[in-house]
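Chain by chain, the residues:
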Amino acid sequence: MKVSLNIDSQFEETKVTIECKGMDDSIKSIIDFINRQEETRFLVGRDGDMQHILKPADIHYFHANSDNVTAVTAKGEFRLKEKLYELEEMFPSSQFIRLSKSVIANLDELSRFEASFNGTLCVYFNSGAKEYVSRNYVNSIKESLKMNRRKGK
C-alpha cells in the first residue's frame with residue numbers, strides 16, 4: 001500500500017482520496033477509521049416529554065416503524081428525530097449493521113443467532129430481545145462478523 005500526504009496552507013478542508021483496485025477488508029477498515037474521527041458522541045432521544053442523552057455504545061438497536069425511529073437500550077426505548085438511513089451513515093459499519101429494512105443493530109450487543117427455516121436469521125441481543133435478519137442482509141452480516149473476528153486475532 002502506498003501512502004501520499006500533501007500539506008498546503010491553501011487547502012480549506014481536509015480531503016481523503018483512496019485509489020484501489022477493489023474494496024477489501026483493509027479498505028473498509030481505513031474508511032471506518034476515518035469516519036470514526038467525526039464520530040457521533042451521543043444522540044438525543046425522547047421518552048414522553050423527557051429528552052435523554054444516548055451514547056451509541058448503550059444502544060442495542062434502532063427500529064423504524066411507520067412514523068418514527070426508536071433507539072432500544074437497556075434503560076428503555078427512545079424516539080429519535082433521525083431517519084434510519086441517516087443513523088446508518090452516522091455510525092461505522094464495524095459497529096452498527098443493517099439487519100432488515102427496519103432494523104440496524106449494534107454488533108457489540110448481539111449474543112447469538114438462530115437460523116430460520118425460510119433463510120432468515122433470528123438475532124438475540126444481550127438484553128434478551130430478538131430481531132430477524134431478512135434474507136437480503138444475511139450475507140452482509142456474515143461478512144461483517146468475519147471481518148470483526150479477524151480484528152480480534
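Not measured: the values here are computed from a predicted model.

Conventions and cut-offs
Residues numbered from 1 in each chain as written. Predicted model: local features only at pLDDT ≥ 70, side-chain atom pairs only at ≥ 80, totals over all residues. Heavy atoms only, no water. Salt bridge = Lys/Arg side-chain N within 4 Å of Asp/Glu carboxyl O. Helix = DSSP H or I, 4+ residues; strand = E, 2+ residues; numbered from the N terminus. Buried < 20%, exposed > 50% of the residue type's maximum accessible area, 1.4 Å probe, protein only. Polar contact = N/O pair within 3.5 Å; in protein donor to acceptor, adjacent residues only side chain to side chain. Contact = heavy atoms within 4.5 Å.

Scanning all chains against the criterion turns up one salt bridge. Close ionic contact of Arg98 with Glu88 constitutes a salt bridge, the shortest N to O distance being 2.8 Å. One end of the pair, Arg98, is in strand β6 (residues 96–100); the other, Glu88, is in helix α2 (residues 84–90), and 10 residues separate them in sequence. Judged by its relative accessible area of 12%, Arg98 falls in the buried class.

Looking at Arg98, its side chain comes within polar contact range of the main-chain oxygen of Ser100, at 3.4 Å. Among the polar contacts listed, one links the side chain of Arg98 to the backbone oxygen of Lys101, at a separation of 2.9 Å. When sequence neighbours within four positions are dropped, the list of residues in contact with Arg98 reads Leu84, Tyr85, Glu88, Val103, Ile104 and Tyr137.

Moving on to the side chain of Thr73. Its place among the elements puts Thr73 in strand β4 (residues 69–73). Excluding residues within four positions of it along the chain, Thr73 makes contact with Leu54, Asp58, Ile59, His60 and Phe78.

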